[in-house]
Amino acid sequence: MGDKQPVSVLVVIHTVDGHALLIERADKPGYWQSVTGSREGEEALRDTALRELAEETGLVLTRDDARLSDWGLVNRYEIYPHWRHRYPDGVTHNEEHVFGLCLERPLTVMLAPREHLAQQWLPWDEAADKVFSPSNAEALRMLPQRQAAARS
């Protein structure tokens, strides 16, 4: 029985021109994703996003950094059976809160070696086709609208 909370964040790291960073999971080679991670204790979801960004990419932001935005989007999905052992017995679904981190240009990030194998920047539509998670793909497909709204 695991102790992960079924509450997580998905952080879409993207550039102003619509490219997105994908990282490849070490425990599932070939599985590409945005930054994700489960809440620890009673931390605020923004703090979860900041912690996961630091752990998975080495990007350290202050709590009030305006480049990190809460998209106000919550995805509820069934946890893949091969990952359920990480959660308390009987937990089958996760609640994922979506954030975005907008950067001026692509950066090379420092991956957590036990968690991720590789990184790549792709145009948002190619990134959406490459990720394994449907909710991650949906968030990536929202980038053009979100960026248009941010400019207006």
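Heads up: the structure comes first, above all this text.
Residues numbered from 1 in each chain as written. Predicted model: local features only at pLDDT ≥ 70, side-chain atom pairs only at ≥ 80, totals over all residues. Heavy atoms only, no water.

### Concerning the packing of helix H3 (residues 134-141) against helix H4 (residues 143-151)
Part 1 of the argument: At their nearest, the axes of H3 and H4 sit 5 Å apart, and the two run at 35° to each other. Of the residues in H4, those in contact with Ala139, Leu140 and Arg141 of H3 are Leu143, Pro144 and Gln145.
Part 2 of the argument: Residues of the contact of H3 with H4, tallied by class, amount to four nonpolar, one polar and one charged. (Axes fitted to C-alpha atoms, helices over the stretch in contact; angles between N-to-C directions. Helix = DSSP H or I, 4+ residues; strand = E, 2+ residues; numbered from the N terminus. Contact = heavy atoms within 4.5 Å. Nonpolar A, V, L, I, M, F, W, Y, C, P; charged D, E, K, R; others polar.)

### Some words on the nonpolar core
Considering soluble globular proteins, one finds that nonpolar side chains tend to be buried as a cluster.
Part 1 of the argument: In terms of nonpolar packing, the biggest core is built from 18 residues, with Val11, Ile13, Leu53, Leu68 and Leu101 touching the most fellow members.
Part 2 of the argument: Secondary structure elements with two or more residues in this core: strand E1 (7-15), strand E2 (19-25), helix H1 (45-57) and strand E6 (93-103).
Part 3 of the argument: Filtering out sequence-adjacent residues up to four positions away, Leu53 remains in contact with Val11, Ile13, Val35, Gly58, Leu59, Leu61, Leu68 and Leu101.
Part 4 of the argument: Ranked by size, the runner-up nonpolar core spans 16 residues in total, among them Leu73, Ala128, Val131 and Ala139. (Core = buried A, V, L, I, M, F, W, Y, C linked by side-chain atoms within 4.5 Å. Buried < 20%, exposed > 50% of the residue type's maximum accessible area, 1.4 Å probe, protein only.)

### Looking at the packing of aromatic side chains
Part 1 of the argument: If you walk through the whole model with that rule in mind, you get five aromatic pairs.
Part 2 of the argument: When the centroid spacing of 6.0 Å and the interplanar angle of 55° are considered together, the rings of Trp83 and Phe132 count as tilted. Note that Trp83 is positioned in the loop between strand E5 (68-78) and E6 and Phe132 in the loop between helix H2 (124-130) and H3, a separation of 49 residues in sequence.
Part 3 of the argument: The exposure class assigned to Phe132 is partly exposed, which follows from its relative accessible area of 22%.
Part 4 of the argument: An aromatic cluster is present here, built from Tyr31, Tyr80, Trp83 and Phe132 joined pairwise through their rings. (Phe/Tyr/Trp six-rings, centres within 6.5 Å; stacked < 30°, edge-to-face > 60°.)

Function cannot be read off these values alone, since they describe shape.
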